[in-house]
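Listed here are the chains, written in short residue letters.
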Amino acid sequence: KCAHLRLVCQEEQKPYYMSKLWWCGIALLGLAEVGNFTAYGFAPISLVAPLGCVSVIGSAFISVIFLKKTMRTADILGGALTITGIYLLVTFAPNVPQELTARQVQNYLVSWPFLIYSILEIIIFCILLYFYKRKAVKHIMVLLMMVALLASLTVIAVKAVSSMMALSVMEKMQLTYSVFYIMSILMATSCAFQIKFLNQAVHLYEATAVVPINFVFFTTSAIISGVVFYREFQSTAFLSVFMFLFGCLLSFLGVIIIARNKREEQLQIPFIDCGHIPGQNLTGKIQPDSHSSCYGTLNKEDDLVKRQS
C-alpha cells in the first residue's frame, strides 16, 4: 500500500513491480506464509487459525507509521480485546500430540466423522455454487461461505503436509506415502479456488467488510475441521473449551471493531489539465465566452452564426 501511494505521487509514473518497496512487502508476505505453514506442523489448527487476528492488529498499528493514519479509539479498544482473546486462546488451547504420521492421516481420512462432515460440506458448497452460478447471487455472505468451506479443507491438508514434512526432516521419512501427495494436491486446489472467490468478494465489496467476515468464517471453519478431522478437543475439559471459545469471541469482536467504519484511502490518479497538454501550444479558447451568442457551440457553428449575421 505504501509503495502504491509513493508511486502515484511521483511525476514519472512507473509500474508497481519496479518498486523495491513493493518487492520488499511481497517478500515479507511470503516469509509470513512460510511461518504460518510451519506453525500448522507444530500446533493445533484451532490455535493457529485464530491467531491470524495478530495480522489485523499489526496492520492497524503499522499503518499509523507508514501510511500516516491517525490512531482511533476503536483501534485501541479492538486491539485490547484481541490481545485478551489471544491470551485466552494460547492458555486454553487443546493439548494434543503434534507428531502426525502419514498412517494417522490415512486413518483420519476414512473415519466416519470426517466422511459425514465431507458429505455435508459438499452438499452445502454445491447449493451455494448453484445460487452463485445459475442465479447469479454474488452476496458477500455466499462468497465468503464458499471461501470458508474451501478453507476448512485447506487447513486440514496444510497441517497434514506440514507435519509430514517436519517428521521427514527429523529423519522419520513420510514423503514416500501416497497420502502426502494427495494432501498436497488437495491443499493447492482448495487454496486456488479459495483465492478466486475471495478475490471476487474483495472486488465487489469493501475490504472493511470482507476482512472481519472472512476472519470469523475462516476461523470457525478451521476450528470445526480441527475438531472433526484431528479430534483436537477430544479429551479437553469443559471449562477449557468454554474459555477457548470465549477467547475466540473476544478476537472476533476486536477485529470487527478495528475494521468498522474504516475508510480505504483512495489513490489520487493524476489528470491532464486541458489547458496544459504536454507538447501542445493552444492558440484558441477551449470554451467560448459565456456572454457570446455562440456559447457552447462548435467552431463550425460559430462561423455559421457570423455569416448569417
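Note that the coordinates shown come from a computational prediction; the quantities given were computed from them, not determined experimentally.

A. The arrangement of the packing of helix 8 (residues 140–169) against helix 9 (residues 178–204) in detail. Running from N to C, helix 8 and helix 9 point in directions that differ by 150°, and their axes come no closer than 8 Å. Regarding the angle of helix 8 to helix 9, the classification is roughly antiparallel. Every pair of crossing elements has a handedness; the one defined by helix 8 and helix 9 is left-handed. Of the residues contributing to the contact of helix 8 with helix 9, the split by class is 25 nonpolar, five polar and no charged.

B. The UniProt feature "transmembrane region" (unreviewed entry) in the chain, seen in detail. In the numbering adopted here, UniProt assigns the feature "transmembrane region" (unreviewed entry) to residues 21–42, 48–67, 74–94, 114–132, 139–158, 178–198, 210–230 and 236–259. With 86% helix and 0% strand, residues 74–94 has end C-alpha atoms that lie 31 Å from one another. Across residues 178–198 one finds 100% helix and 0% strand; the C-alpha atoms that close the span lie 30 Å apart.

C. Quick look at the side chain of aspartate 75. Position of aspartate 75 among the secondary structure elements: in helix 5 (residues 73–91). Aspartate 75 sits in the buried class, given a relative accessible area of 2%. A distance of 3.0 Å separates a polar atom in the side chain of aspartate 75 from a polar atom in the side chain of arginine 72.

D. Geometry of unusual backbone geometry. In this model, glutamate 171 sits at a positive phi of 65°, which is unusual for a non-glycine residue. Positive phi is not limited to glycine here, since arginine 231 has a value of about 55°. Looking at the element boundaries, arginine 231 is found in the loop between helix 10 (207–229) and helix 11 (238–259). By relative accessible area, which is 33% here, arginine 231 ends up partly exposed.

About the thresholds
- Residues numbered from 1 in each chain as written.
- Predicted model: local features only at pLDDT ≥ 70, side-chain atom pairs only at ≥ 80, totals over all residues.
- Heavy atoms only, no water.
- Axes fitted to C-alpha atoms, helices over the stretch in contact; angles between N-to-C directions.
- Helix = DSSP H or I, 4+ residues; strand = E, 2+ residues; numbered from the N terminus.
- Parallel < 35°, antiparallel > 145°, perpendicular 65-115°, else oblique.
- Left-handed = near helix turned anticlockwise from the far one by under 90°.
- Nonpolar A, V, L, I, M, F, W, Y, C, P; charged D, E, K, R; others polar.
- UniProt positions renumbered as here; feature names shortened; annotations may be inferred.
- Buried < 20%, exposed > 50% of the residue type's maximum accessible area, 1.4 Å probe, protein only.
- Polar contact = N/O pair within 3.5 Å; in protein donor to acceptor, adjacent residues only side chain to side chain.

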